[in-house]
Amino acid sequence: MTAAFRLTATTALVALAAPVGAADGDLIVFDYAGFEDPAFHTSYTAAHGASPEFTFFGDEEEAFQKIVSGFKPDVSHVCAGSVTKWVESGILEPWDISRIPAYGDLNANLTGQDVTEGISDVYFIPVDFGSTAIAYNTDKVPAEDVATLEIFRNPAYSQMLTLPDNVDDAYALAYLATGTTNWTTATDAEFDAASAWLREVHPNLRTYWTDPGELAQLLATGEVVAAWAWNETLPTMAEEGFPIGYQQEATEGSSLWLCGYVNLAEGQGSEDKAYDFLNAVLDPSSTQPLLEAGYGHSNAAAMTEVGADALAEVGLGVVNAPVLAQLPMDMELRQKQSETFERIKAGF
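As the structure is a computational prediction, the values presented were derived from the model and not from experiment.

Participant: Quick question: what am I supposed to make of the nonpolar core here?
Facilitator: For soluble globular proteins, nonpolar side chains are generally found buried alongside one another. Counting 73 residues, the largest nonpolar core has W86, Y261, F277 and L278 as its most contacted members. If sequence neighbours within four positions are ignored, L278 has contacts with W95, I100, I125, V127 and Y261. One finds Y157, A174, W183 and V225 within the second-largest nonpolar core, a separate group that totals 37 residues.

Structure (structure tokens):
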């Protein structure tokens, strides 16, 4: 990819991954729906006879608020943009990398740069990464219309577009559309420009999608013909025979996100099993299942076995356009983005 994506590791619905009654109650994993797939943690199940117990959140702000309100999971999925806030809130404890055999095999582009200045402990272990770009119905949207992010302001597609109900993804799009490719240094003027752009786009949207299943349904029924979407949409819709295109090289660019797992300070479960779970998702046995679901794997040693064509098929190929890396940002800026995004969605 053209942008260096460097990140350091310094920094209620309950579903069971195994049959009901068979989950391992010694470990509660707070996660996005879909990551309970046993194929992502096969060595954990082999060692303990069942998957951990999973409980799900819709977005990370919801997850954060639930944790600070007293919910006590042991491990949580979190994406890079939230890391600073979670670390500074005091809800995390550091990982002991001596207990993570694959740590030395992780992609240095994902672990090499400080996330939280002045903090040397490892709070965040990268696991999965992917892109956010324009997914579109190739039968209904000509390629020239997705050559620019301005499709989201194009009146010809009014009520046929959708954005994620996710502040990081929405602002990544808006910053790119207004000429900012590094949100870690975004000025007040750049924030204001991005917010104004989102306000202009809001009336053009059919809805804000909340999970990949909803987005797939919106595309399949024809309710929307173009979306700002995670790359997993590409292999999912293509497998169903849907005429899907995925434009990562719009003039203004696309976004790159990174997520991983954090260790909750007040978790009541087994710390040993927390490490067993993390080591399982970092294991090379997880690489192909993650790719088949549309996610890149942070285990660089395992990813070397994956060919360029296979990466392109899931939307993780080389990108010859600007890339905004969704790195951790200043907490004040993130709070402003969260509050403003909620007002925009409400029509203000």
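What follows picks up the thread again.
Participant: In this structure, what is going on with the layout of surface pockets? I would like to understand it.
Facilitator: Where empty space is left in the structure can be found by rolling a water-sized probe over the atoms. Space inside the largest pocket adds up to approximately 720 Å³. Lining the largest pocket are 40 residues, and of these Y32, G58, D59, N166 and W230 sit closest to its centre. When contributions to the lining of the largest pocket are tallied by element, the ones reaching two or more residues are α2 (60–68), β4 (75–79), α5 (167–177), β11 (254–264) and α13 (331–345). Of all the elements, α13 adds the most residues to the lining of the largest pocket, at 5 residues. Of the residues contributing to the lining of the largest pocket, the split by class is 19 nonpolar, 8 polar and 13 charged.

Participant: Please clarify how the state of the cysteines should be interpreted in this entry.
Facilitator: A covalent bond bridging the sulfur atoms of two cysteines is what the word disulfide describes. In this structure the tally under the stated criterion is 1 disulfide. Two residues share a disulfide in this structure: C79 and C259, whose sulfurs sit 1.8 Å from each other. Its S-S torsion of approximately 80 degrees makes the covalent link between C79 and C259 right-handed. Of this pair, C79 sits in strand β4 while C259 sits in strand β11, and the two are 180 residues apart along the sequence. As far as burial versus exposure is concerned, C79 and C259 are alike and both buried.

Quick notes on the rules
Residues numbered from 1 in each chain as written. Predicted model: local features only at pLDDT ≥ 70, side-chain atom pairs only at ≥ 80, totals over all residues. Heavy atoms only, no water. Core = buried A, V, L, I, M, F, W, Y, C linked by side-chain atoms within 4.5 Å. Buried < 20%, exposed > 50% of the residue type's maximum accessible area, 1.4 Å probe, protein only. Contact = heavy atoms within 4.5 Å. 1 Å grid on protein atoms, 1.4 Å probe; cavity = no way out; pocket = protein on both sides within 12 Å on 5 of 7 lines; lining within 4 Å. Points joined across faces, edges and corners; volume = space filled by probe spheres on them. Helix = DSSP H or I, 4+ residues; strand = E, 2+ residues; numbered from the N terminus. Nonpolar A, V, L, I, M, F, W, Y, C, P; charged D, E, K, R; others polar. Disulfide = S-S within 2.5 Å.

Geometry only, nothing functional implied.
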